[in-house]
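Now for the letters of each chain:
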Amino acid sequence: MSEIVKFTIDGKEYEGVKGQLLVEVAAEKGIYIPVLCHWKGVKPAGSCRICSVKVNGRFMAGCTTPLEADMKIENDTPEILDIRKAIVEMLFVEGNHFCPSCEKSGNCDLQALGYRYQMMVPRFPYEFERRDIDASSPKLIIEKNRCIFCKRCVRMIKDEQGKSYFAFKGRGKHLQISLDKKLAVTMSEENAHKAMDACPVGCILRKEVGFAVPIGKRKYDHVSIGTDIEKLNK
Amino acid sequence: MSKPIVATASLAGCFGCHMSLLDIDERILKLIELVEFNKSPIDDIKTFTKQCDIGIIEGGCCNSENIEVLKLFRKNCKILISLGECAIMGGLPAMRNGIPVKECLDEAYLNGPTVGENKEHIMPNDDELPMILDKVYPLHEIVKIDYYLPGCAPRADLIWAAVAALVTGDTLNIPYELVKFD
Ligand code: SF4
Ligand code: SF4
Ligand code: SF4
């Protein structure tokens, strides 16, 4: 039996199912907690921290924290919004994000968060690290300049035996995403598309389909990311 | 009261941002009522003839001349605005930033597929040419920048809203659709 508990978000009282993840509880109430690494139904990684909320005064990752009775959750406060904006800015300076030439532009979750928080300029210096592009597989381009290490691809894209097509290589500054060359040869069309759609940024791209949707008709041209969730609240 | 004075420049940019400024359509008539232009490609005034209020700069710094012009603008303008992705983060020219300059020049003048005619292997070396920098720098890494208007090019409505707000002193509320990075 699922247990119903009381909790608050930004001072407002709600009831929800104990044990459910905070990002998902909030979404059901029409409250948007942003995510980049989380994907509903996939084991949470809690790696990007964009979902940071305060629970009873302490910072927690909303995508890994299960709901408990009497939680006092802060979500929409200047402090938290600034931390989220800082995370977005950090991701921008850490990779090489040339949005004007990016296939994902307009449909990219990282960029969309930059729009939502009106990032005019990152507060951190640009790294401009050299990163490679791997276009050696038949179906996919891996544009490593744009990887934000959310690990969605590693966790989600697997063959029939359960083997991951993607893996992380190296550590720290040298960390990079890589696609298994042997597995990639036999990757199905379905998996190729699934990988591209799972990637929140423009790092995994299906070859030959870039720039299909014109400017003005893309996902985030007119509406902010999170609007679909917030609509429930109106 | 005399009109606020505006100066503009394109450094390592493509002039697209200036084109977007012209894209404000008939509001350009209003603009020249509101402000006076000084050094700018728009009126072709080449040197500062007086202190300016607002300097608008497109493009990042890719060579020594860009830095010189940028510093000149900082000296002569009360407010400096970084206009567009190139000014804010180097933009497409900064795609070379992770690559050593020598590798870039070798590719451009010696090894690239279209340089077959360069039989003497000449690298541009005229003394008149500005020095190329180790990488393309965002403007705010060279001088203090007061405001940033992102986009490639920034939407004409964003430029208009920002300049009008600066000149009239009104608060600037930027609609969602005007802040874009492409
Ligand atoms: S992945 Fe997103 S943020 Fe990065 S360049 Fe592409 S559109 Fe911009
Ligand atoms: S390639 Fe995309 S999905 Fe995979 S870790 Fe990088 S950003 Fe995430
Ligand atoms: S931001 Fe875009 S439009 Fe402006 S100078 Fe750079 S490339 Fe051109």
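What comes next is a walk through the structure. (Residues numbered from 1 in each chain as written. Chains lettered and ligands numbered in written order. Predicted model: local features only at pLDDT ≥ 70, side-chain atom pairs only at ≥ 80, totals over all residues. Heavy atoms only, no water.)

1. Thoughts on the overall build of chain A
Here's step 1: Counting its secondary structure elements, chain A contains seven helices and 10 strands.
Here's step 2: Relative to the compact-globule value of 17 Å for 234 residues, chain A shows a C-alpha radius of gyration of 19 Å, a close match.
Here's step 3: Looking at chain A as a whole, 52% of its 234 residues are labelled buried.
Here's step 4: A sequence separation of at least 24 residues applies to 62% of the contacts in chain A between residues at least 6 apart.
Here's step 5: Surface summary for chain A: the accessible area is close to 11,900 Å², and the carbon and sulfur share equals 53%. (Helix = DSSP H or I, 4+ residues; strand = E, 2+ residues; numbered from the N terminus. Rg over C-alpha atoms; globule rule 2.2 N^0.38 Å. Buried < 20%, exposed > 50% of the residue type's maximum accessible area, 1.4 Å probe, protein only. Contact = heavy atoms within 4.5 Å. Areas by Shrake-Rupley, 256 points an atom, 1.4 Å probe, with all protein chains shown as cover.)

2. Some thoughts on the site of ligand 2
Residues and elements named next belong to chain A.
Here's step 1: Inspection of the region around ligand 2 gives C147, I148, F149, C150, K151, R152, C153, C199, P200, V201, C203 and I204 as its neighbouring residues.
Here's step 2: When each cavity is represented as a set of grid points, ligand 2 is found to reside in the largest cavity.
Here's step 3: Residue composition of the shell around ligand 2, grouped by class: 10 nonpolar, no polar and two charged. (Near = heavy atom within 4 Å. 1 Å grid on protein atoms, 1.4 Å probe; cavity = no way out; pocket = protein on both sides within 12 Å on 5 of 7 lines; lining within 4 Å. Sits in = over half its atoms within 2 Å of the grid points. Nonpolar A, V, L, I, M, F, W, Y, C, P; charged D, E, K, R; others polar.)

3. A look at the site of ligand 3
Residues and elements named next belong to chain B.
Here's step 1: Taken together, G13, C14, G16, C17, E58, G84, E85, C86, G151, C152 and A153 are the residues near ligand 3.
Here's step 2: Of all the secondary structure elements, the ones that give two or more residues to the shell around ligand 3 are α1 (16-22) and α4 (85-89).
Here's step 3: Of the residues that constitute the shell around ligand 3, the class distribution is five nonpolar, four polar and two charged.

4. A look at empty space enclosed by the protein
Here's step 1: Scanning the entire structure with this criterion turns up five cavities of 30 Å³ or more.
Here's step 2: There is about 100 Å³ of room inside the largest cavity.
Here's step 3: Its residues assigned to classes, the lining of the largest cavity shows 12 nonpolar, no polar and two charged. (Points joined across faces, edges and corners; volume = space filled by probe spheres on them.)

5. Things to note about the sheet that holds strand β6 (residues 133-134) of chain A
Residues and elements named next belong to chain A.
Here's step 1: Reading across the sheet, the three strands line up as β6-β7-β10 and stay open at both edges, with antiparallel pairing between neighbours. The sheet is open, and its two edges are formed by β6 and β10 (204-206), each paired on a single side.
Here's step 2: Inspection of the sheet shows β6 paired to strand β7 (residues 140-143) by two bridges, in the antiparallel sense. By the bridge assignment, I133 is partnered in β7 with E143. (Pairing = 2+ DSSP bridges.)

6. Brief notes about the nonpolar core
Here's step 1: With 99 residues, the main nonpolar core has L110, L140 and F166 of chain A together with F73 of chain B as its most contacted residues.
Here's step 2: Sorting elements by how many residues they give to this core places helix α6 (residues 156-168) of chain B first, with seven residues.
Here's step 3: Shared between two domains, this core takes at least three residues from each, and those domains are domain 1 (4-76) and domain 2 (85-206) of chain A.
Here's step 4: Counting 19 residues, the second largest nonpolar core, distinct from the first, contains V25, C51, C63 and M71 of chain A. (Core = buried A, V, L, I, M, F, W, Y, C linked by side-chain atoms within 4.5 Å. Domains from an automatic or database assignment.)

7. Digging into the side chain of S137 of chain A
Residues and elements named next belong to chain A.
Here's step 1: If you trace the backbone, S137 turns up in the loop between β6 and β7.
Here's step 2: A polar side-chain atom of S137 sits 3.1 Å from the main-chain carbonyl oxygen of L140.
Here's step 3: Look past the residues within four positions of S137 in its chain and what remains in contact with it is L179, A184 and K207. (Polar contact = N/O pair within 3.5 Å; in protein donor to acceptor, adjacent residues only side chain to side chain.)

8. Brief notes about the sheet that holds strand β1 (residues 5-10) of chain B
All names here are of chain B.
Here's step 1: The sheet built from five strands is open, its strands ordered β2-β1-β3-β5-β7 with parallel pairing. Lying at the two open borders of the sheet, with one neighbouring strand each, are β2 (36-37) and β7 (147-149).
Here's step 2: Direction of pairing for β1 relative to strand β3 (residues 52-58): parallel, over a ladder of five bridges. Looking across to β3, one finds that S10 is bridged to E58.
Here's step 3: Running at roughly 135° to strand β5 (residues 77-83), helix α3 (residues 64-76) makes contact with β1, β3 and β5 of the sheet. (Axes fitted to C-alpha atoms, helices over the stretch in contact; angles between N-to-C directions.)

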